[in-house]
Structure formats: C-alpha cells, structure tokens
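Residues per chain, in single letters:
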Amino acid sequence: MSLSAYVPIVGLFALAGAFGLFSVAAAPFIGPRRFNKAKLDAYECGIEPTPQPVGGGRFPVKFYLTAMLFIVFDIEIIFLYPWAVSFNMLGVFGFVEMLLFIGTVFVAYAYVWRRGGLDWD
Amino acid sequence: MGDTISFPHLDYAALWPMLILFGAACVGVLVEAFVPKAWRNTVQLVLSLLAMGAALVMVIKRAAAGVTAANAHTASDAISIDKAGLFLQGALLVLGIVSLLLIGERTLETGGPFVAQAAITVGSEADRRQAARESGATEVYPLALFALAGMLLFVTANDLLVMFVALEVFSLPLYLLCALARRKRLLSQEAAVKYFLLGAFASAFFLFGVAMVYGFANAVDFNSIHANISTSDKPFALLLIGLAMLAIGLLFKVAAVPFHVWTPDVYQGAPTPVTAFMAACTKAAAFGGLARVLYVGFDRSNWNFTPVLGVIAVLTMLVGAVLAVTQTDLKRLLAYSSVANAGYLLVGVLGGGAAGLSSMLFYLVAYGFAIIAAFALLTLVRDADGEATHLSRWAGLGRRSPFFASVFTFLLLAFAGLPLTSGFTAKFAVFGAAIGGGQTWLVLFGVLSSIILAFPYLRVIVMMWLSEPGDTTPSVSIPGALTSAALMVGVLVTLLLGVAPSSLLDLANNAASFVR
Amino acid sequence: MVATLINEQAEAVVYAPATGLLSYMWLLIAIPAVSALILLLAGKAANRWGHWLGVASVLASFVLGLTLFFQLRNLENRSVVENLYSFIPVGNLRVDFGLLFDPLAACFVLLITGVGFLIHLYATGYMAHDEGRRRFFGYFNLFIAAMLLLVLGNNYVMLYFGWEGVGLASYLLISFWYGRPAAATAGKKAFLMNRVGDAGLVLGIFLMFAWLGSTNYEVVFNNIGTLGSTTVLLIGLALLAGACGKSGQFPLQAWLPDAMEGPTPVSALIHAATMVTAGVYLIARSNPIFSENTTLQTVVVSVGAITLLLGCIIGTAKDDIKRVLAWSTVSQIGYMFLGVGLGGGAYALAIIHLLAHGFFKANMFLGAGSVMHGMNDQVDIRRFGGLYKYMRITWLTFMMGWLAIIGIPPLSGFFTKEPIIVAAFSRPGWTGWLFGLAALLGAGLTAFYMTRLFILTFHGPKRWTTAKEGLVDQHPHESPAVMTIPLILLALGSIVAGGLMVTSVPQWLEPVLGPETAEHPKIAHGALTALSLVLTVAGAGLAYALFRKGTALTPQPAGVLVTAARNNLYTDAFNEAVFEKPGNWLTRLLVFVDNKGVDGLVNGLAAAVGGGSGRLRRLQTGFVRSYALSMLVGGVLVLGAFLAVQLGWMG
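Residues numbered from 1 in each chain as written. Chains lettered and ligands numbered in written order. Predicted model: local features only at pLDDT ≥ 70, side-chain atom pairs only at ≥ 80, totals over all residues.

Participant: Break down the overall build of chain A for me, citing the residues and quoting the values.
Facilitator: Summing up its helical and strand segments, chain A has four helices and zero strands in all. Written out in order from the N terminus, the α and β elements of chain A read α-α-α-α. For chain A, the residues scored as buried account for 1% of the 121 residues in total. (Helix = DSSP H or I, 4+ residues; strand = E, 2+ residues; numbered from the N terminus. Buried ≥ 20, exposed ≤ 12 C-beta atoms within 10 Å, placed from the backbone.)

Participant: Describe in detail the overall build of chain B, supporting the description with residues and values.
Facilitator: Counting its secondary structure elements, chain B contains 20 helices and five strands. Its C-alpha atoms give chain B a radius of gyration of 22 Å, within 12% of the compact-globule value 24 Å for 516 residues. The principal-axis extent of the C-alpha atoms belonging to chain B is close to 70 × 60 × 40 Å. In chain B, which comprises 516 residues, the proportion classed as buried is 64%. Within chain B, contacts between residues separated by at least 24 positions form 80% of all contacts whose residues are at least 6 apart in sequence. (Rg over C-alpha atoms; globule rule 2.2 N^0.38 Å. Contact = placed C-beta atoms within 7 Å.)

Participant: Now, about the interface of chain B and chain C: what can you tell me, with residues and values included?
Facilitator: On the chain C side, the residues contacting the 55 residues of chain B number 45 residues. For the side of chain B that touches chain C, the elements supplying multiple residues, two or more each, are α7 (185-217), α9 (236-254), α12 (306-325), α14 (353-380), α17 (422-436), α18 (440-466) and α20 (502-511) of chain B. Among the elements that make up the side of chain B that touches chain C, the one with the highest residue count is α18 of chain B (11 residues). Of the residues that constitute the side of chain B that touches chain C, the class distribution is 43 nonpolar, 10 polar and two charged. (Nonpolar A, V, L, I, M, F, W, Y, C, P; charged D, E, K, R; others polar.)

Participant: Please give an account of the environment of His-477 of chain C that cites residues and values.
Facilitator: All names here are of chain C. Structurally, His-477 is set in the loop between α18 (430-458) and α19 (481-513). Residue classification places His-477 among the exposed residues on the basis of 11 C-beta atoms within 10 Å. In the structure, His-477 is positioned 106 residues away from Val-371 in sequence and 8.5 Å away in space, judged by C-alpha atoms. With residues near it in sequence (within four places) discarded, His-477 still touches Gly-374 and Tyr-390.

Participant: Before we move on, can you summarise the confidence of the model for chain B with the specific residues and values?
Facilitator: Confidence in the prediction of chain B, expressed as mean pLDDT, is 88, and 97% of residues score 70 or more. Scoring the predicted complex yields pTM 0.83 and, for the interface, ipTM 0.84. (pLDDT = per-residue confidence, 0-100.)

Participant: Can you explain the packing of helix α8 (residues 229-247) of chain C against helix α13 (residues 294-317) of chain C? Please cite residues and give values.
Facilitator: Residue and element names in this part refer to chain C. Across the interface, α8 lies against α13 with an axial gap of 9 Å and an inter-helix angle of 20 degrees. Between α8 and α13, the interaxial angle falls into the category roughly parallel. Regarding α8 and α13, the two cross each other, and that crossing is right-handed. Contacts from Val-232, Leu-233, Gly-236, Leu-237, Leu-240 and Cys-244 of α8 reach α13 at Thr-295, Leu-296, Val-299, Val-300 and Val-303. In the contact of α8 with α13, the residues fall into nine nonpolar, two polar and no charged. (Axes fitted to C-alpha atoms, helices over the stretch in contact; angles between N-to-C directions. Parallel < 35°, antiparallel > 145°, perpendicular 65-115°, else oblique. Left-handed = near helix turned anticlockwise from the far one by under 90°.)

Participant: Can you break down the environment of Ser-479 of chain C residue by residue, with the values?
Facilitator: Residue and element names in this part refer to chain C. Tracing the backbone shows Ser-479 in the loop between α18 and α19. Under the C-beta neighbour-count criterion, Ser-479 is labelled buried, with 22 such atoms within 10 Å. Apart from residues no more than four positions distant in its own chain, Ser-479 is found in contact with Gly-125, Ser-370, His-373, Gly-374, Thr-394 and Thr-484.

Participant: For the packing of helix α14 (residues 321-342) of chain C against helix α17 (residues 412-425) of chain C, give the residues involved together with the corresponding values.
Facilitator: Residue and element names in this part refer to chain C. Close contact between α14 and α17 brings their axes to 10 Å; oriented N to C, the two are set at 50 degrees. Considering the angle they form, α14 stands oblique to α17. With respect to the hand of their crossing, α14 and α17 are arranged in left-handed fashion. Residues Tyr-335, Leu-338, Gly-339 and Leu-342 of α14 touch α17, and the partners they reach there are Lys-417, Ile-420, Ala-423 and Ala-424. Of the residues that constitute the contact of α14 with α17, the class distribution is six nonpolar, one polar and one charged.

Participant: Before we move on, can you summarise α13 of chain C with the specific residues and values?
Facilitator: Between its first and last C-alpha atoms α13 of chain C spans 35 Å; for 24 residues at 1.5 Å apiece the expected length is 34 Å, and the two agree. Of all 24 residues in α13 of chain C, 17 are buried; the element is thus mostly enclosed. (Expected span 1.5 Å × (residues − 1).)

Participant: Could you give an account of the environment of Val-319 of chain B, naming the residues involved and the relevant values?
Facilitator: Mapped onto the fold, Val-319 of chain B is located in helix α12. When the 22 C-beta atoms within 10 Å are taken as the criterion, Val-319 of chain B is described as buried.

Participant: Please give an account of the sheet that holds strand β5 (residues 475-476) of chain B that cites residues and values.
Facilitator: All names here are of chain B. Spatially, three strands are ordered β4-β3-β5 in an open sheet, and the strand pairing comes out antiparallel. Two strands in the sheet have a free side with no partner beyond their single neighbour: β4 (386-387) and β5. Alignment of strand β3 (residues 381-383) against β4, held across two bridges, turns out to be antiparallel. By the bridge assignment for β4, Asp-383 is matched with Gly-386. (Pairing = 2+ DSSP bridges.)

Participant: Give me unusual backbone geometry: which residues, what numbers.
Facilitator: Residues and elements named next belong to chain B. Cis peptide bonds are those with omega within 30 degrees of zero, and the linkage from Val-257 to Pro-258 qualifies with 0 degrees. Note that Pro-258 resides in the loop between α9 and α10 (262-269). Here the phi dihedral of Ala-255 falls at roughly 65 degrees; this positive angle occurs in a residue that is not glycine. Its place among the elements puts Ala-255 in the loop between α9 and α10. C-beta crowding within 10 Å serves as the criterion here: with 29 such atoms nearby, Ala-255 is assigned to the buried category.

As structure tokens, then:
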C-alpha cells in the first residue's frame, strides 16, 4: 500500500488549483477594468457574434431534434461496423442480436416519422 | 479470423419479466405511432397493465419454482436473479402497477395530469389551445415501462457496468416524466432539468467509481471484485475512492443527505402520479442496488464502511425530519419525509446480515404503498388551478370532506409510526435489525428523528381538523375508479401490514439472501 | 424460560397458559374496540342509539372482567398468558400479540371498565345536547380498548401499542371541541409532550431487546438480574421518561392541566382515573427492573416528591375548578410515584392509592362537571358560592371526594395515602426524612387547596355572574338522574374503597409485586398518623377561615410565591427555554444552510471573483449549480471520510 507514488500527482493537482484560483482572484485587483462592447459580448470563436433576439435568443427546437436523430443513426453505424467486420465469428446469434438492435432503432424511427418529427414545419 | 466466440448462456425463464417489460415498452412506442389518438390511452393502459401483470406472474412462477445458488446467475454472471433480487422485482412490479393506476387516471381533469406537447412555450396561445382541448401525452406509459424495466435490471445487476446501464435506463425516462405536468408547467420543467443535470452529475460519480474499482480489482463483476479485494496488490486507496464514488452515485438516487438537494424540487415539480412512482419505485430500486453493492461486492468481512454510511444515515434522518418541520407545501413535506425515510432504510441496511436485509425489504414495500396512497390523495384535493398542495389550503378540510381527511390522517399517522400501521412495524423491523447488528447509536438517532418527524405530520392533521375551512379551501374531487383502487390498495396494505405483518415479514425473511 | 438469577430472593416469574373462560380474555379488548368501530363508521344512522351501545360495551367488558377475576382467584398460579398470534417474527426478534391476566392486570381491568362504565353512563347525560355525541362515544370506547390493551399485554410492545392508542384517544378527546382554539392548542401540547416521553419508552424497549433479546415480561424479568447496574439504570430511566410523559410528572407535567379543555367526562376518565396512571402501572409492572437498581429508585422517588409538592403549590393558586383538580391529580400521582419508587411493599400501596384515587377523583371531576352543567359552563370558582342549597346530591358526593382526598378517616384517602407517608419515612438514611417530610407537607397543602375549592364552590356568599355585569344570569339546578347516579356510586366508592382495599389488595397483588415489608418509620407509626391528621385539619381549618366569607372576584396583587404559583411556577417558561427555543434555532439554522447557505457561499464566491452586480444577477438565474456544488462538497467529504476512517482503521 504505497500511496507515496501519488504524492507528486496530488502536488500537481494542488499547484494547478492554486494557479487557477490565484489568477482569477488576482485579476480584479491587478488588472485595469475597462469595459467595452466587445468584452461584454458572448464569445463565439472570435467571429462577430450573430445578432440574437431579445431574451437570450433561442434556436428552434427542430435543430436539436435533427441533431438527435443524426446521432441515433450515427451510433447505429458505429455498432454495425465492428459487427460487419467480425460477422463470421458472431454467427447467427450476433445476426439476431443485430436485427433486434436495428428493430429497436426502427421503432423509434417509426415514432418520429408518424409523429411528425421529420417535417420541418 | 474464423474463430467463434462462446456466447453467454441466457436463462430466459429468469429474464422474462424484464424482456416482457422492454418488449411491451417498444410496442407502446409503436402504439403511439400507429394507433389513432382517441384510442391510444385505453390501449396503452391495458397494454402496460397486462405487461406488468405478465411480468409479475413470471416473477411468481420463478419464485415458486425455487431459486438456488446454482440457478441464480445468468448471462455470464452479469445478472443475478437471486431471492432478494426476485423479491425486489416482485415488489417493484406490484408498486409499479399501483402507481400506474394513478398515472392512468383521466377523470380528475380534462386530459389527465400530463401535457400533450411539453415543448410548446408555456403561456403562449398554442399552449392555451392544447390545455383546453388536447388529451395528455400517452407516451408516459412506455416511459414508465422503460423505467420499471430498468429498475428490474438494476436490482438484479451483478456487474457494475450492467448496473450503470440499468441506472441510466431507469433514470432517463424519469427525467422526461418529470417534465410532463399539465399544470405548473414551468415548475415541472425546471424540476426535470434540475433532476437531469444533478442525475448526470451523480452518474458521473458512479461511473468514475466503477473505473476506480476496476483499477483496483481488475474486474467489474461483484464476485471477482469480492475475491480480488483481499488479493489485489494495487493501492488500497483506489478501492476506497471507488467505493465512495459508487456510494455517492447510489446515495443520490436514494436521496440521502448531502445528496438530497434535488428531492424537494423534483417531488414538487413532477406530476403527482410520477412523484408517487418515483417515491415508491425509485427508492426500492436504489436501495436494492445499494444493498447488493454493499452486501455482495464489498461485504465487510475484511474492512468496514459502517461509520461513514452511519453518519450519512444519521444526517439523512435528522436533516429530513427537521426540514420537514418548516415546509408549507405538502409535496415538499412528503419529499423531506422521504429523505428521512431513506435514513431509516439506511439504518436497516447497516444493521447487516439477513435481518438487516429483510427489514429493508419489508420497509420498502410498506413505505411504497403508504406513499403512493398519500400522493393519490394529493391528486384529489384540487381547485380551478389544479392540485392545491399548499398547506394553508388544506385548513378545515376535515369539515369539508371528513372521509378523505380521515384517510389522509391515517396515512400521516402511519408515516409517524403509530402502532397498528405499517409505519410502526417497518420502523420496528429496521431498528430491531440495527440493534441486532450492534448499531444501537443509529437507533438512538432514529428514534430521536422520528419524534421530530411526528411534528410536521401533526401540523397537517391539526390544519385539516382544527381549523375553520376558509374561502380558499379546495374541494375534494370524486376519485375515478383507478385512483380509488390505488388509494384503497395503499390504505388497506398500510393497515394490514400494521396489524398482521407476519406473512410479508416471513416472505422478506426467506428472500433475504443475495447469491454471490 | 428460566434463567440464572443473581437476586436470590426473587422467584422466577412463570406464567401459565390460559384455559377455559380465561382464554376469552381477548374479548375484554375486542368488545369496546368493535363498538368503537361501529360508532365511528356507522354514520348518522347510529346517532339515536350509539351512546347506549358505547355504554353497553363497557358494561359487558366489566362483567366479563369480573367473571375472569373470580376465575383467576381459583387458580394456584394466578397469572395466565394467552398468545393470540405471532406479530413480528423477524429472525431473533419475536414479538407476539399476547395477553397476560394476572392480579395487577385484573385490578386495572376492573378499575378501567368499572369506573369507565359509570363515566360513560354519566356522559350520556352530560353530552346529551352535543351534536358530536356519537363520535365522542366512539373515541371513548376506543380509549377503553386501548387502555385495556395497555394493561393486558404480555410484553412491552403490546404495552406500547396500548400506550400510543390511549395517547391518540386522549388527543382526539382533548381537541373534541376543536372549535375552541384553546382545546386545539392543548391537544397539540399533550401530543408533543407525550412524544418526548414515548421516545423514552421506545428506547427502553429497544434497549431491552438489544441486551435481553426479548420484550416479553417473563423473559425480561427473569433475566434482568444478569445485566450490569448501569444497563439496568439506562433501561429504567428510559421507561421512567415514558412514565413521566404519560402521567404528567416533573418535568413533563405541563400538558395535563391544559388537557382539561376537553369535555369533563374525558377529564374524569382519562386525565384523572385511568390513562394518567399508566405511568404508575408501567413502573409497578416493571418492578423487577426498578427494584434492581437503587439509584433508579431514588430518581423515581425524587420525581414523585418534586411533583407532589409542585402540584400542591400550583393547585393552591388556581381559580379554575378543573385546573385545581388537574393539579391535584398531578400531585396525587406524585404520591403514587413516591410509592412505586420506594419499592418493596410500597408498590402495592401505590396501586391501592391509584385505585382509591380513581374513585374519588372521578367523583370530583364528575361533580365539577355537574356544577358546570348547572352554571352555564362557568369554571371560575370565584364566581360560585352557596351552591349546596341548589345541588344537594352534587354537594354531598363532592364532599365525600373532598374528605377522601385530604385523608379524613374513615374515608378511602386516609387508608391509602397514610401508608405511603409512613413508607417514605421508613426509607433508610436522611432521605427518609426528606421524602417523608415532603409527603407530610403535601398532605397539609392538599387539605388547604381542596378545602378552598370546596368552600368557595359550595359555601359562602353567592358570587354568581348576573345580567347586570353584562354576563349571563345564573340559575343553578341539580343535574338529571343519569348524571347523579354515577356520582352517588363513585361517592360510595370514595368512602369505602380505601378501607376495603388496604389489606386485601396488597395480599392479592403479592404474586406480582412481592410480599409486604415491615415498616420502620423514623417517627412512630401512631405519632406519624396523628401528625398528618393534625396537619390536614390545620390546612383545612386555615382554608375555611380564609375563604368562608368568599373571595375577591378578580385576581389580587400578590407576593412572589403566589404569582409564581399562578404561573405554574414558571415551568412552562422553563420548557420553552429548554426545548422549544433551541429546537426553533436548530430548524432555522438547517433551513438556512439548506436553502441559503450554499447559495450564499456561491454568491459570495461569485461576487469576490467576478465583481459587478449585473453580472452577478446573470449568474443567479437558477439554483442547480448551487445544488451541484453542495453535492460536490458532500462528495468530497464522503470520500475523505471513507479514506480517513479506513486508513486509520487499517493502521
């Protein structure tokens, strides 16, 4: 039970934490406070922020829906690749399992389709 | 290439309850997709009840056939459907059926307690339209089935990874269910987001704990962990940190202090039938999982986690009880009382041995029925704005509707642990088990906190009976058949387990063993 | 189960199984319980005959109790148990739903059902015009059933069931007139103070289970000698806490006088004759435990002595007829505690005082009820006076109660209180003087305040309220026969009960409480009796001299002592300071930490780090992160604790 091997790591943690705390805590005291519009704006990868409607701005929920659907099928593909590669080893059992998996995803797909999740408007 | 992998043997007889529920949930999603709107609610309700009934039959059949150490494990030891697991599955199904009756109630208000399209902005024109006309979301049924199936898997998982998957499977539907309240939508959605974020936080703890334990024991299944604890040459701290993080993840689900902060907000915000489901079933599942982790994976033959968990139990009992005193909203009051009850359950778990386990199993069933009945009653007391849960609104309810006030009084007395109610026998069992396990100090604090906890219940009783009904005292709606059934079952079981608890105690005693 | 006994003198407690008629003892409880159920569930249909069902059920229980009593006399063992069913069979924790009928239980059964029947009968008249009469009798029957369960159980868990049951019935009945805010508050107060006591009882039961493995009387009593003295002391103190809560003993006495807000028959039955004596029953029943430890006995005696003086002193300063009687109940139960604390032969003395007190106190409460009935519910004794002409029967029966409680021979109080005073003086060492003198002083004070009550109520000038004062005109009248007949029967009991019981009952109780012990008081027996009689007469004479001309109608400025007595000797203030305030602070603190503290911490951090209130507000749109922070802090603490405990433990 030698914990001593971890002492450097703990030390590193402590140093990192102390640095973070120090920089944030020291900034208001040391740094000059000059606010301008650019400083108060949201940070969007350095490009000019897109104008947003009053109240914080909202994206239509449809974007999220589309993104989620994409991820569902993306994940499906991730599963299909290794299965296809080792199809021989997995045999009938693997085939049936994969059918069940695809079936489940299609249940969800059917739900989205029927309930209008694929219509943009 | 060309080799074949040896596949795990699957004991379908043991897995049927979960397979039925998962299958029915998938069918339920298809029902949402293809069955006309007008029929959906009936079809879903019948389908869900049938599925749960069938799963329960399967559980009973397996219990009747007998569970032995030889046939308990399946799927390469990833799942262990032993006696305690089977008891928990049965309890979850029974409690699930009773709370599904509440979820299925549609007569109390137009469209039921759920909203059809939670995504529509609260207060907008479209929202008013849907509130007036549309019947509620019927997706709640498949969601509840998914959650319940996840819970069944959770209490029988014999492997930390399966456990984690099950944890997510039953948590995600619950987050969604929380957001679906028809009334007080913002509160409901806020609760769902909070529950989701904090739940994700807790899951992260759990997963990190799994990694730590794997680092120490080189395994994620409980048998190997248990075997490797004494032989591993890794630093012991890895295991400790791992177990602590696992415990944090699980203690979040059971709502133990200091991981209880979400409970009042979520209990208050969620639609009341969902709150009932969570209070009864989530608690049972989480404690089942916690007990399995502690008893099977990390049993205390060579080390001791009791002091820390004991302190948590004491804090949970005291903080829950004391904060319940100042609550003015009944749902929040019951939430804090559920926190305190988690403490009593922890006392039972820490009692250790078969007695501790059996007292915990008994407590879960007794508490589950009582809390479902209490929330069922909450759904009945309502005015034009929906349920009236503020305490002041219940003033004088005893004069307005003596029958329901008496029933609620009875339930509160049961929570307070008055003899001849299940509350007494359950508390007696857990405290007795703790005494038997040498944890007298826990019982001291348990008794102390149960005195404190009697005050808030008394306040409600006094409010109902000894105050004049005001203009704002809501009326009590006539319950529909489903709510009546849930209420009646809950109250009768509470009484029965108080007067003649021996049959269930026997059952719990027989079931009180995990198979390693 | 027979165990090795350290105490050689004590014989092993053995109970025989119940046979024949005795095996129907469960009916004693079942009859009133079923009646209560019918009354509470039947609805308005039962309004016309409901109260008679209530009376009949108690009478049936009484008759059955009497029959069983005669059966028991014929048995050699005089103690029978009956196990109805196994209630909680968890592992080595076994609790049976079992009943025990022995001499002690028999005494209580007869007292509860006998006096209970008379008070039920009286209540049919007293509550005749109350719309909730059926409900009232339902609760009343419920109380009888629970009280019988309390005294008939064969283990401490059954006793606890009855204990909570009578408590519940008591709150229901105190707040029966829930329209009155005082009644509601009193019900709450009774509930809260009793919870404190109940917690003690529960702890005692769990301690027994932890150390003896059972809560059965048989097992506990036979094995108590095997425990260490500290252990016995702990169990005993826990039980004593329960007894103090239920019996209104110091420091938990405050609820009992407030409980007088309930209907008078309730005060008579529950808060004078039966329920409040449950604490005495508990200690007498547990006599093997209490006899095992002398420190424990000293504590019980001290509680009794303090309470009996406290009750006397406060009773002297009260003007509400029921409050005076209530404080006198507190004081008389103090005498009983003194008795059970002294141990040995004094156990039986306490029980006979309890039985006699059941008669004369019920008699006086019902008498007070009768006075109130004739005086438009007036309770202020300053507004009575000269009533003896108008309510002859009430006056005469009340007089019997008065003479009995102050201990004038040959009424019952003389025979039952006197021996306790003698026993107190017989206690070895200087404490014998202390407790003996306290008991003696109490006797004198009792004579004073009870005489004051009697004279001011029935004699002296009329001081009734009149229409001229803007109050109701009083037209006192005698109560109907259904109320006066119980009064007469109870008065007869007050006269003869003591003399009849003084030797027969201790003999009858010998199998349970042990044989009588020879007393060697510090002062000769005869001299002591004479002394206490002189004090009694002096107290009564002083009260007569002071109050025969009546009294002022409003409170007069008074000295420190009287003011203190009027304020219950500031015991309420004490309770508030010791229990209520810290409780409130703790609650506030926890609420603060739970809701505000964590947020506050975050706010503070954010303010220190970010600066600028506008930005701060933008950070404050939700609380989830403060919840998450509290979870994180909790997680770190748990983790640290795990490591600390474990690594420390591993060395």
